[in-house]
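# Understanding the architecture of this molecule
Listed below are the residues making up each chain.
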Amino acid sequence: MAKVKPRVKVPKTASAGEVITIKTLISHKMESGQRKDSDGKAIPRQIINKFTAEFNGQPVFSADIHPAVSANPYLEFTAKVSESGKFTFTWVDDDGSVYTDEQEIAVS
Amino acid sequence: MNINRRQALTLSAGAALFAVTGMSAGSARADAAAVDKAMMEITGGATPEEGKLTLNAPEIAENGNTVPIGVSVDSAMEGDDIVESITIFAEGNPEPSVITFNFTPMSGEATASTRMRLAKTQNVVALAKMKDGKTYMAKSEVKVTIGGCGG
Amino acid sequence: MKKSILNGVMGGVVAALVSSAAWAEPVDDELVIDGDIKMVVRTKAPEGHPFDEIRSGWQYRTKETRALEVDSFNNPGMLRVEEGEGIWNTADGTEGKSCADCHGDASESMKEVAAHYPKWDAQSNRPINIELMINKCRTERMGAEAYEFDKGGQKSLTAYIKHQALGTPVSIDLTQGDMQSWWEKGKEEYYTRTGQLNLSCSNCHEDNAGNYIRADHLSMGQVNGFPVYRLKQADLVSLHNRFRGCIRDTRAEQPKAFSDELMALEVYVTWRGTGLSVETPAVRN
């Protein structure tokens, strides 16, 4: 499988109080635990089970994710920004790995 | 572009042979009752109201592996008018829960979308929980086309 | 399009899955990627083509699938294109060279290049496609192993290189070397029925483009978007993998990837899409 890599789209600038749209995508097979290999053995579940978005350390949005979310999980949501700062995005894998990405936004 | 009878028969026979087995056929499936039970855990036993919550799902999904799905509640997201969460359920999948979106006042709007797997044609159900404890639900049937050309 | 018997025979199946008959026709929708790159998805067919007009497979897909290609961020195939960019810039092999060490910035050096492949390769005396060109560089310049079919970085790097031609109309030069005879061979294959189901490429993609085979809306079988991101596999699918998949579906012996049979078919089918924009990575069902 391809290396797990997040992609995030956040506007570079916004005006104070504006509600912006954020899109995130991460390369992950989202193995559901429902499939069997060619020998008939169940392939163990391995998914991204949690996503969080914070802005300057404050929670903005999160998602509890189950195996029915498609491979390469995609999330689109909004954030209301009142000041310049930094978004931190976190994905948690069943195997304990944590993937993060950060994006700055200038608010005027 | 005419097609003669022999060609038509060949093609239809071919089509019949493109038999595709369902995703993990025979395994246990969630059903409407399992989704109801999962919803009651969120509502605390109350029956959710209709309306207020919009569920955007395609009428027909070309492939059950990647079905775009969106939810939104018209909310000011301040004071008492705050949506805490929206959960999506699937009645015909191996597990009823798909995803829960958790919002905060900093979300600005109670809207989110993702892409989900649907094992077959089924109802997709969304349940929104408000800060004041009220719950709203929306339901939409998605037809999943199977049996196309593999490869 | 004239209603064929196929519609009647399969009516039951189709009616059960499709609520609107109007859905059967390809949509006459325009594809503009990121509000900027205007794609040719419908154009006049080249001289000698059986159709007057050719259409990208994009027009045969549902609006949800089409939407995935309109915004490059939403296109999951772009994850693999980014992976390809990483490979482009990473040294491999005994020479310690990366693609970039010779070719520099791909957005300059590979701009529009893939729209003109397959090309004639005098050295091997046969047509060459992007996958084989990559292998040639790897073995002859980088001192690296050739990628096995669909393995290693082959799909991602091919997608990255083809993506540099995004929007450029497909146009291959059949006057080079023996390209014309490979075109002829590919054409013969296209119209030859094969397998237990006794189907040729043309039975589906020429005679029945726009009709349904069970629940699948048959397109013209254009190849301008390969490697494509298929929802079914949730991953990139290479052209020769798709050729083999189609041939398997006719229940025939599958020729090997990059064999003479499939290279001839690539030359001919690429020509059938002359004038359509390169869409790599296209999104299909």
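Predicted, not measured: the structure shown is a model, and the values here were computed from it.

Before going further, it helps to examine the overall build of chain B. On a plain count of helices and strands, chain B comes out with 2 helices and 9 strands. Ordering the α and β elements of chain B from the N terminus gives α-α-β-β-β-β-β-β-β-β-β. At a minimum sequence separation of 6, the contacts of chain B that also span at least 24 residues come to 62%. About 6400 Å² of surface is accessible on chain B, with carbon and sulfur atoms providing 49% of the total.

Residue and element names in this part refer to chain C. Residue P227 follows F226 across a cis peptide bond; omega there is -10 degrees. Note that P227 resides in the loop between β8 (216-217) and β9 (228-230). Geometrically, the link from T280 to P281 is a cis peptide bond, its omega value of -5 degrees lying close to zero. Structurally, the position occupied by P281 is in the loop between α12 (260-272) and β11 (283-284). For E112, which is not glycine, the phi dihedral falls at a positive 65 degrees. Mapped onto the secondary structure, E112 falls in the loop between α6 (106-109) and β5 (119-121).

Bringing the domain arrangement of chain C into the picture now. Residues and elements named next belong to chain C. In terms of domains, chain C is made up of domain 1 (2-75 + 168-284) and domain 2 (78-163). Spacing between the C-alpha centres of domain 1 and domain 2 amounts to 24 Å. Each partner contributes to the interface: domain 1 provides 31 residues, whereas domain 2 provides 27 residues. Here domain 1 and domain 2 share an interface that buries about 2500 Å² over both sides, 62% of which is from carbon and sulfur atoms. Inspection of the region where domain 1 meets domain 2 yields 2 salt bridges. Among the ionic pairs, D235 bridges to R80, the shortest N-O distance being 2.9 Å. On the surface where domain 1 and domain 2 come into contact, there are 12 residue pairs in polar contact (both at pLDDT 80 or more). Among the elements of the structure, α9 (179-190), β10 (235-237), α11 (239-249) and α12 are those that each provide at least two residues to the side of domain 1 that touches domain 2. The leading source of residues in the side of domain 1 that touches domain 2 is α12, at 5 residues. Here the side of domain 1 that touches domain 2 is composed, by residue class, of 14 nonpolar, 12 polar and 5 charged.

The next thing to look at is the sheet that holds β10 of chain C. For sheets, the rule is that strands pair by backbone hydrogen bonds, running either parallel or antiparallel. Residues and elements named next belong to chain C. Taking strand neighbours across the sheet as the criterion, the 3 strands line up as β10-β9-β11 in an open arrangement whose pairing is mixed. The open sheet terminates on both sides in strands that have one partner only, identified here as β10 and β11. One ladder, built from 3 bridges, connects β9 with β10; its direction is antiparallel. Each bridged residue has a counterpart across the sheet, and for V228 the counterpart in β10 is V237.

For the rest of this paragraph, the subject is the interface of chain A and chain C. If you look at the interface, chain A gives 14 residues, while chain C gives 13 residues. Across the chain A/chain C interface, buried area totals approximately 1100 Å², and carbon plus sulfur atoms make up 56% of it. A per-residue breakdown of the area chain A buries against chain C is headed by R7, L25 and N72 of chain A, which together make up 48% of the total. At the junction of chain A and chain C, the tally comes to 4 salt bridges. Linking D71 of chain C and K9 of chain A is a salt bridge whose minimum nitrogen-to-oxygen distance equals 3.7 Å. At the boundary of chain A and chain C, one finds 7 residue pairs in polar contact (both at pLDDT 80 or more). Within the residue set of the side of chain A that touches chain C, elements represented by two or more residues are β1 (6-9) and β3 (18-26) of chain A. Here the side of chain A that touches chain C takes 4 residues from β3 of chain A, the largest share from any one element. Here the residues of the side of chain A that touches chain C sort into 6 nonpolar, 3 polar and 5 charged.

Right, let's talk about the sheet that holds β1 of chain A for a bit. An order of β1(A)-β3(A)-β6(A)-β7(B)-β4(B)-β2(B) is seen for the 6 strands of this open sheet, with the pairing classed as antiparallel. The open sheet has two edge strands with one neighbour each: β1 of chain A together with β2 (53-56) of chain B. Neighbour to neighbour, the strand axes of the sheet diverge by 15 degrees on average, direction disregarded. Across 7 bridges, the pairing between strand β4 (residues 67-73) of chain B and strand β7 (residues 110-116) of chain B is antiparallel. Bridge pairing links V67 of chain B to M116 of chain B in β7 of chain B.

Parameters at a glance
- Residues numbered from 1 in each chain as written.
- Chains lettered and ligands numbered in written order.
- Predicted model: local features only at pLDDT ≥ 70, side-chain atom pairs only at ≥ 80, totals over all residues.
- Heavy atoms only, no water.
- Helix = DSSP H or I, 4+ residues; strand = E, 2+ residues; numbered from the N terminus.
- Contact = heavy atoms within 4.5 Å.
- Areas by Shrake-Rupley, 256 points an atom, 1.4 Å probe, with all protein chains shown as cover.
- Domains from an automatic or database assignment.
- Buried area = accessible area lost by both parts, 1.4 Å probe.
- Salt bridge = Lys/Arg side-chain N within 4 Å of Asp/Glu carboxyl O.
- Polar contact = N/O pair within 3.5 Å; in protein donor to acceptor, adjacent residues only side chain to side chain.
- Nonpolar A, V, L, I, M, F, W, Y, C, P; charged D, E, K, R; others polar.
- Pairing = 2+ DSSP bridges.
- Axes fitted to C-alpha atoms, helices over the stretch in contact; angles between N-to-C directions.

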